[in-house]
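Here is what each chain is made of, one letter per residue.
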Amino acid sequence: MLEVKNLHVQVDDKEILKGMNITVAPGEVHSIMGPNGSGKSTLAQVLAGKETYEVTEGEITFQGKDLLDLEPEERACEGIFLAFQYPVEIPGVANTYLLREALNAKREYREEKPLKHVEFGKLARDKMKALGIDENLLKRSVNAGFSGGEKKRNEIFQMQILEPTLAVLDETDSGLDIDALKIVANGVNSMRDSGRSFIVITHYQRLLNYIVPDFVHVMVDGKIVKSGGKELAQELEEKGYADF
Amino acid sequence: MAIIFDGTRESYVEGLSEFLGSGQEDTPGWVADLRREAISGFGELGFPTLSDEEWRFTNLEALRRGSFSIAEDGISDVSKKTVNSYGFSGLDCLRLVFVNGRFASSLSDAGDAGEGIVVKALSEAIREDGDLVKGHLAKYADYEKDAFISLNTSYFEDGVFVYVPDRTVLEKPVHVLHVSTDEGRPLFINPRNLIIIGQSSDAKVIEHYVSLSQSVYFSNVVTEVVCGEDANLEHYRLEFESRKAFNFSTLRVNQQKNSNITSHSILYGGAIVRNNVHPVLAGEGCNSDIYGLFMSEGRQHMDNFMRVEHASPHCDSRQFYNGVLDGRSKGVFHGRILVHEGAEKTDAKQTNRNLLLSDTAQIDTKPQLEIYNDDVKCTHGATIGQMDEEALFYLCSRGVSMRKAKIIMLRAFTNETLEHMSIDSVKETLENTVMKWFEQRLGNGDGS
Ligand SMILES: Nc1ncnc2c1ncn2[C@@H]1O[C@H](COP(=O)(O)OP(=O)(O)OP(=O)(O)O)[C@@H](O)[C@H]1O
Ligand SMILES: [Mg+2]
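Structure report, in brief.

## Examining the overall build of chain A
1) Next: Tallying secondary structure elements over chain A gives nine helices and twelve strands in all.
2) Next: For a compact globule of 244 residues, the expected C-alpha radius of gyration is about 18 Å, and chain A comes in at 18 Å, within 12% of that figure.
3) Next: In terms of its C-alpha atoms, chain A occupies a principal-axis envelope of roughly 55 × 40 × 35 Å.
4) Next: Here chain A, with 244 residues, has 53% of them falling under the buried criterion.
5) Next: For chain A, contacts bridging at least 24 residues in sequence account for 68% of all contacts bridging at least 6.
6) Next: Counting only carbon and sulfur atoms, one obtains 46% of the accessible surface of chain A, whose full area is about 11000 Å².
7) Next: Taken together, the 30 basic and 40 acidic charged side chains of chain A have centroids lying 6 Å from each other.

## Focus: the packing of aromatic side chains
Each aromatic ring pair is characterised by the separation of its centres together with the angle its planes make.
Residue and element names in this part refer to chain B.
1) Next: Scanning the entire structure with this criterion turns up 25 aromatic pairs over all chains.
2) Next: When the ring of Phe42 is compared with that of Phe47, the centres are 5.0 Å apart and the planes differ by 75°; the resulting orientation is edge-to-face.
3) Next: You can call Phe42 buried: its relative accessible area is 1%.
4) Next: Arg274 extends its terminal NZ or CZ atom over the ring of Trp55, reaching a point 3.7 Å from the ring centre.

## Re the site of ligand 1
Residue and element names in this part refer to chain A.
1) Next: Taken together, 15 residues surround ligand 1, and among them Gly37, Lys40, Ser41, Thr42 and His203 come closest.
2) Next: At 2.9 Å, a side-chain N or O of Asn36 approaches an oxygen atom of ligand 1.
3) Next: In this structure, an oxygen atom belonging to ligand 1 sits 2.8 Å away from a side-chain N or O atom of Ser41.
4) Next: Expressed as a share of its isolated accessible area of 630 Å², the protein-covered part of ligand 1 is 67%.
5) Next: Broken down by secondary-structure element, the contributors of at least two residues to the shell around ligand 1 are strand S2 (14-24) and helix H1 (40-48).
6) Next: Sort the elements by how many residues they give to the shell around ligand 1 and H1 lands first, with three residues.
7) Next: Looking at the shell around ligand 1, its residues break down into four nonpolar, eight polar and three charged.

## Points about the environment of Pro367(B)
All names here are of chain B.
1) Next: For Pro367, the position within the fold is in strand S21 (residues 362-371).
2) Next: Residues Pro367 and Leu137 lie 230 residues apart in sequence; the distance between their C-alpha atoms is 30 Å.
3) Next: Those residues in contact with Pro367 that sit more than four places away from it in its chain are Gly335, Gln350 and His380.

## Some words on the interface of chain B and chain A
1) Next: On the chain A side, the residues contacting the 17 residues of chain B number 29 residues.
2) Next: Across the chain B to chain A interface the summed buried area is about 1900 Å²; carbon plus sulfur atoms make up 67%.
3) Next: Counting the surface chain B buries against chain A, the share from its top three residues, Phe393(B), Tyr394(B) and Arg398(B), is 42%.
4) Next: Along the contact surface separating chain B from chain A lie three salt bridges.
5) Next: Linking Lys404(B) and Glu101(A) is a salt bridge whose minimum nitrogen-to-oxygen distance equals 3.2 Å.
6) Next: At the boundary of chain B and chain A, one finds eight residue pairs in polar contact (both at pLDDT 80 or more).
7) Next: At seven residues, helix H8 (residues 389-397) of chain B tops the list of elements feeding residues into the side of chain B that touches chain A.
8) Next: In terms of residue class, the side of chain B that touches chain A is made up of ten nonpolar, three polar and four charged.

Cut-off values and rules
Residues numbered from 1 in each chain as written. Chains lettered and ligands numbered in written order. Predicted model: local features only at pLDDT ≥ 70, side-chain atom pairs only at ≥ 80, totals over all residues. Heavy atoms only, no water. Helix = DSSP H or I, 4+ residues; strand = E, 2+ residues; numbered from the N terminus. Rg over C-alpha atoms; globule rule 2.2 N^0.38 Å. Buried < 20%, exposed > 50% of the residue type's maximum accessible area, 1.4 Å probe, protein only. Contact = heavy atoms within 4.5 Å. Areas by Shrake-Rupley, 256 points an atom, 1.4 Å probe, with all protein chains shown as cover. Lys, Arg positive; Asp, Glu negative; His and termini not counted. Charge placed at Lys NZ, Arg CZ, Asp CG, Glu CD. Phe/Tyr/Trp six-rings, centres within 6.5 Å; stacked < 30°, edge-to-face > 60°. Lys NZ or Arg CZ within 6 Å of the ring centre and 35° of its normal. Near = heavy atom within 4 Å. Polar contact = N/O pair within 3.5 Å; in protein donor to acceptor, adjacent residues only side chain to side chain. Nonpolar A, V, L, I, M, F, W, Y, C, P; charged D, E, K, R; others polar. Buried area = accessible area lost by both parts, 1.4 Å probe. Salt bridge = Lys/Arg side-chain N within 4 Å of Asp/Glu carboxyl O.

Function cannot be read off these values alone, since they describe shape.
Here you go:
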């Protein structure tokens, strides 16, 4: 599904990703862990198409397509979703409005009919209930004045509505209380199927007790330095990154 | 026999006797006296220059060089259909139409305003309600200190007169449509409006300025408002003049005890535009909410001049102005808050936010607080910036195109001011106009 080969990325002449490789097959859940500043969010943002990051070398293929050729909105329509580490506040744009526009853009891309207001309303309310999100959040401006946990839940809510093929969750667990963590994990688990993959970026093994990954990768200084199964996360939790 | 103003100070001063002799013969003596008295202000001041502190960002050289004339009595043929196209869908309102400053009764419908309420052309009110008009006309807008008010007071043709007696609600909004047409020569048009709201009464007035052509003219508007004790007024100024027009307007409000005004100014048309909003919170416990949105492109120049005058204790004022500037256009926001010595517990707030869509657009924003009392709360803030890249990326990452993302962001920005309009159909009409404007700005491509 996703193949990242020898990816080099720089910002302002500073190299951040230094030969990154990762291959994700359909249905798999990969976790990326690593110290602060190692480049995890950079990878996530590059996958979503952020222009400030310059790809100097390497390639990214997504479902057979050259991802680097696509604009951010095309990537989204092709099925990539990024849950931001720091969701952006957009005052004046209602959450529900953004989501309907986003969903309908995706449907239009697939040459499907746009959803009617009522249909969308029902869909949104059902998913919100499951995530324990207050319905008022729909009417409020995107992330504006949301608490840290509300922002993260809102990202997962958007993911559920947009039903991506590959979801990249960048520290979606940080800032969540224990109950919210379970709710978010359930939200992810309920979407797991043989055609959908996840890249879960986290600092804590705790999340991986709920979202059990197929692979765990350790990222240090812009590269994957070790990969393994879920037990690797436990090992990191005990020993830290000193060995790398 | 048009009176020609060739741009010199003398032509505007001396033209008055000819103006008074042609078509003004049947107006009462006190109006003629007022006109004669008022012109001396302009005689002394002339048009402001860049060295005038209040005009330092707005160059009037082109106006000074221009030659203008007063429209003759006969008005251009404007059809009812054309007038209807400037209406607000579904809005049940009273409508007064003026063409090149002259009242067009056949296009107007001020039918049934309600018991004791007067909604008519100012020219009629001067004849029929002389004492009422005389008690207020030119009593607030100072023709001695302001060149444009002086010119308007001397040369005004017509405008709306609204009188709402005490404890009365004017149910229907009053739509005052000023239409300008191409008469083959640049006109000098002076609309004059007078709005008197009695104690504990309510009204909504929409001043709407449109042009059927893209011709050059000089339109110079003065509106005086008296808002009685406990009264509420919502006022709209929708400026959609020709792209070549010089447009100057002054809204001068006198607020009595516990009165509330909400003012909305939309600046859209015009080559050089100056909008003065000047409420005086004269009685205790008044509230003024002043909203504005200006959109400029090409070489348009839009100058927003606020003067909020707190003359009594316990009054609140809010100024909230947003500007969107494209092309090589220029904007000015000059926000003056004046707190008089006796006006303790004043709470005054001013915000001006500007979005630049091009590298060549320019905005000068200048707060000016003049406070003669220690027990007050006055705040101001201004921002100038491009569209938020992080927010655009966030929207695109959800599948929305860059063009659409920009439109969404612009809409959010303009709605910050539009959302305060209480008349939905006006708000919706403006939202649509704003959207069309954005779409033109972004072109047909992806807009990135
Ligand atoms: N726009 C940018 N400009 C300059 N430096 C940047 C930019 N974005 C990222 N960096 C730098 O790149 C490095 C990697 O950042 P990144 O956010 O990818 O780390 P991370 O692994 O996600 O860290 P964390 O665990 O703290 O979230 C950091 O040193 C960061 O300062
Ligand atoms: Mg990060």
